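Structural overview for review
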Amino acid sequence: MNKLRNIFLFMAGLLAFCGLLTSCIEDGITTSPSAQPKFSVDTLDLGDLFTLGPSPTARFVVYNHNDKGINLSSIRFSDNPDNIFRLNVDGLSGRDFSNIEIRAKDSIFVFVEATLPENGKDVPVECMAHLQFVVNGVTTELPVRASGRDVTRLRGDYRITSDTRFSATKPYQVFDSIVVDPGCTLTLPAGTELFFHDKARMVIHGTLLVNGTAEKPVTMTGDRTGNVAAQIPYEVMSGQWGGLYFTDTSRGNRITHASIRNSEYGILLDNVPYDDATPSLAIDNSVVRNTKGFVLEAVNSSVRAVGCELSEASSGLVYLYGGRHLFNHCTFANYYLFSAAGPAVNLEHTGVNAMYDEDKESPLLSAEFTNCILYGNGTEVAHYIPQADEGMKVESSIEGADVVFRRCLFKAAGEDDSQFISCIWDEDPLYYTVREDYLFDYRLREGSPAIGAADPSLTLPEASSADLLGVRRPTPPSLGAYEPIPAQEN
């Protein structure tokens, strides 16, 4: 009997508690004009979009900080010409919403998308609308903006079958691939922008000439904008498109003042011919960053890189297999976000215990690094040496290889020898980079040991007058791709 009585009392208490909880939740709807919602943003900015294409979904939160519930009697755009902006309130799509309740101390999500019409202009055009909320007879408007750019869309394998010069007046959105046929040249003038869709890439069987300037660099990146999630922008996501692939029929390629980023493999040269006068690829004052593989991979090819930033890659920054290479005033920096960072420089087919029969006709690796910075989360140099059992030995030593580093700054606490000459060891170049805040800025802060530390006699003409950003180089110049920011710009 006592057990039944205890059960009865427990159930009665539970019902009373539930009733109390319900009374706390069902606290009624206030009609006071002073009871108004608050928004998580002052203006909802959808960013810069391509016209005729859907935008990423932007969202904000509508809060009710009041002690009673509120009724949003109307949610609609007061001005939305051509239905540019689309609306979703708490999971429901529509154009006009009525009687949406928000309980006390609660909130709802509002989602907005847009498709902007073509504007016929060569510059972005801003579109504005106002999202109107009516609560207890009071109207509040939240501005919503987006900027639209007309774009040239390239679909399918867009083949370059004769010498072609792209236009810099409008961006290009590449959905599949750009293929430069053998014997043909594609020229990208200053200010050209190429935005590649998922899995798209550029394949160069002929010649690629990129003629950017410090003021108007050529851009090659993915076509996603906005944030992946929360405050993580797509700009920090690698693997958004393939990259630049140079084949064995390509020759005489040159890239000047380009920004190539967020790809699968950056730049890949596969047995691209070269001679004493003409490398497979000459790349000057350019940025190649943020890849899933290497930012630059050259197999039995030749690279001449001057004044470049090579940064952020999972496998490592640069992989050189055979061939002849020169890197001058380059910044090698690896702070890759999504995995452990591989070595800055990876070297293979150097002739040390070479065991590969197929490599007998391929030139062994020869490489020189001058006035460079090698600093980041990964190691600086990895040297791959074949073993008699067909395994692979990886060393940090480059003894026996035709490789030399002259006047370079390293993170490692090493020392000079016949292959590391007049180098700076165990010093921080003091980048502006803050990895946790997704800031990857490899310019030099005040007090950097790289400032004014370069050997002027090693500075090549392409890097002698100005750095990657067009900042004048003094004498002596600084190591790496960047001079310090002028005081008035700090």
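One can find the structure itself at the top, above this paragraph.
Below is a short write-up of the structure.

Within the chain, the secondary structure is distributed over two helices and 43 strands. Here the chain holds 490 residues, and the buried ones make up 51% of them. A separation of at least 24 residues holds for 61% of the contacts in the chain among residues at least 6 apart in sequence.

Quick look at the pattern of salt bridges now. Following the criterion strictly, the structure yields 18 salt bridges and no others. Across the pair D276 and R324 runs a salt bridge, and its minimum N-O distance is 3.1 Å. Separated by 48 residues along the polypeptide, D276 in the loop between strand 27 (267-270) and strand 28 (281-284) and R324 in strand 34 (residues 324-328) bring together distant segments of the chain. Judged by relative accessible area, which is 74%, D276 ranks as exposed. R324 sits in the partly exposed class, given a relative accessible area of 34%.

Right, let's talk about the state of the cysteines for a bit. Enumeration over the complete set of coordinates arrives at zero disulfides. The thiol of C330 is not disulfide-bonded; the next cysteine sulfur, from C308, is found 4.8 Å away.

Quick look at the nonpolar core now. Counting residues in each nonpolar core, the largest one holds 63 residues, and the members touching the most others are M220, L244, I267, F327, F332, F369 and F405. Aside from chain neighbours lying at most four places away, what touches I267 is L244, F246, I255, I260, L281, I283, V288, V295, L296 and E297. Grouped together as the second largest cluster of nonpolar side chains are 32 residues, L116, F133, L142 and V144 included.

What follows deals with the side chain of H383. Among the structural elements, H383 can be located in strand 39 (residues 381-386). For H383, the side chain forms a polar contact with the side chain of T350, separated by 3.0 Å.

Within the structure shown, the criterion is met by 23 aromatic pairs. Taking 6.4 Å as the distance between ring centres and 85° as the angle between the ring planes, the aromatic pair formed by F60 and F133 counts as edge-to-face. Here F60 is found in strand 3 (residues 58-64), whereas its partner F133 is found in strand 10 (residues 125-135), with 73 residues between them in sequence. Both residues of the pair, F60 and F133, count as buried. Plain terms: the ring middles of F166 and Y172 are 4.4 Å apart, the flat faces sit at 20° to each other, and that makes the pair stacked. What makes F166 buried here is its relative accessible area of 5%. The ring of F175 carries the charged tip of R155 above its face, separated from the ring centre by 4.0 Å. We note R443 situated over the ring of Y432; from NZ or CZ to the ring centre the distance is 5.8 Å.

Within a beta sheet, neighbouring strands are joined by backbone hydrogen bonds and run either parallel or antiparallel to one another. If you trace the 10 strands from one edge of the open sheet to the other, you get 14-17-20-25-28-31-34-37-41-43, paired in parallel fashion. Two strands lie at the open edges of the sheet, namely strand 14 (164-165) and strand 43 (420-421), each paired on one side alone. Here strand 28 pairs with strand 31 (residues 302-306) via four bridges, running parallel. If you follow D284 over to strand 31, its bridge partner there is V306.

By the secondary structure assignment, H329 is in the loop between strand 34 and strand 35 (331-334). One polar contact links H329 to N371, side chain to side chain, over a distance of 3.2 Å. A polar contact of 3.2 Å, which involves the side chain of H329, links it to the backbone oxygen of S478.

What follows concerns the environment of N300. By secondary structure assignment, the location of N300 is in the loop between strand 30 (294-299) and strand 31. Residue N300 is classed as buried on the basis of its relative accessible area, which comes to 12%. Distance from N300 to G323, taken between C-alpha atoms, is 4.5 Å for residues 23 residues apart in sequence. For N300, the residues in contact, after removing those within four places along its chain, are N271, V272, Y274, Y321, G322, G323, H349, S362 and P363.

An order of 13-16-19-24-27-30-33-36-39-40 is seen for the 10 strands of this open sheet, with the pairing classed as mixed. Every interior strand has two partners, whereas the edge strands, strand 13 (157-160) and strand 40 (392-395), have only one. Between one strand and the next, the sheet's axes are offset by a mean angle of 15°, whatever the strand orientation. Both strand 13 and strand 16 (residues 177-180) contribute to a ladder of four bridges, which runs parallel. Each residue of the ladder has a partner; that of R159, found in strand 16, is V179.

Another aspect to go through is the pairing of strand 3. Here strand 3 lies mainly inside the structure; five of its seven residues are buried. In this sheet, strand 3 lies alongside strand 1 (residues 38-39) in antiparallel orientation, the contact comprising two bridges. Of the residues in strand 3, the one forming a bridge with F39 is V62. In the sheet, strand 3 pairs with strand 9 (residues 106-114) via seven bridges, with the strands oriented antiparallel. Of the residues in strand 9, the one forming a bridge with R59 is F111.

Rules used in this analysis
Residue positions within a chain follow its written sequence, with the count starting from 1. Local features in a predicted model are, by the rule used here, given only for residues with pLDDT of at least 70; side-chain atom pairs are given and counted only at 80 or more, and totals for whole chains, interfaces and linings are based on all residues. Side-chain metrics in this entry use all non-hydrogen atoms of the structure; hydrogen atoms and water are not considered. Each helix is a run of H or I in the DSSP string that is no shorter than four residues. Each strand is a run of E no shorter than two, and both are numbered from the N terminus. Only protein chains enter the accessibility calculation, which uses a 1.4 Å probe; a residue is then buried when its area is under 20% of its type maximum, exposed when over 50%, and partly exposed in between. We call two residues in contact whenever any of their non-hydrogen atoms come within 4.5 Å of each other. The salt bridge criterion pairs a side-chain nitrogen of Lys or Arg with a carboxyl oxygen of Asp or Glu, the two atoms within 4 Å. The criterion for a disulfide is a pair of cysteine sulfur atoms lying within 2.5 Å. For this analysis, a nonpolar core means a set of buried residues of the types Ala, Val, Leu, Ile, Met, Phe, Trp, Tyr and Cys, connected via side-chain atoms within 4.5 Å. Within 3.5 Å is the distance limit for a polar contact, defined as a pair of N or O atoms, with the added protein rule that one can donate a hydrogen and the other accept it, and that residues adjacent in sequence qualify only through two side-chain atoms. Within 6.5 Å between ring centres, the rings of Phe, Tyr and Trp (the latter by its six-membered ring) count as paired, and their orientation is classed by plane angle as stacked under 30 degrees, edge-to-face over 60, tilted in between. Distance and angle both matter: a charge sits over a ring if NZ of Lys or CZ of Arg is within 6 Å of the ring centre and within 35 degrees of the ring normal. Should DSSP find at least two bridges between two strands, the strands are taken to pair. A fitted line through C-alpha atoms represents every axis, and for helices the fit uses only the stretch in contact; the resulting angles, taken between N-to-C directions, go from 0 to 180 degrees.

Scope: geometric values only; no functional claims are made or implied.
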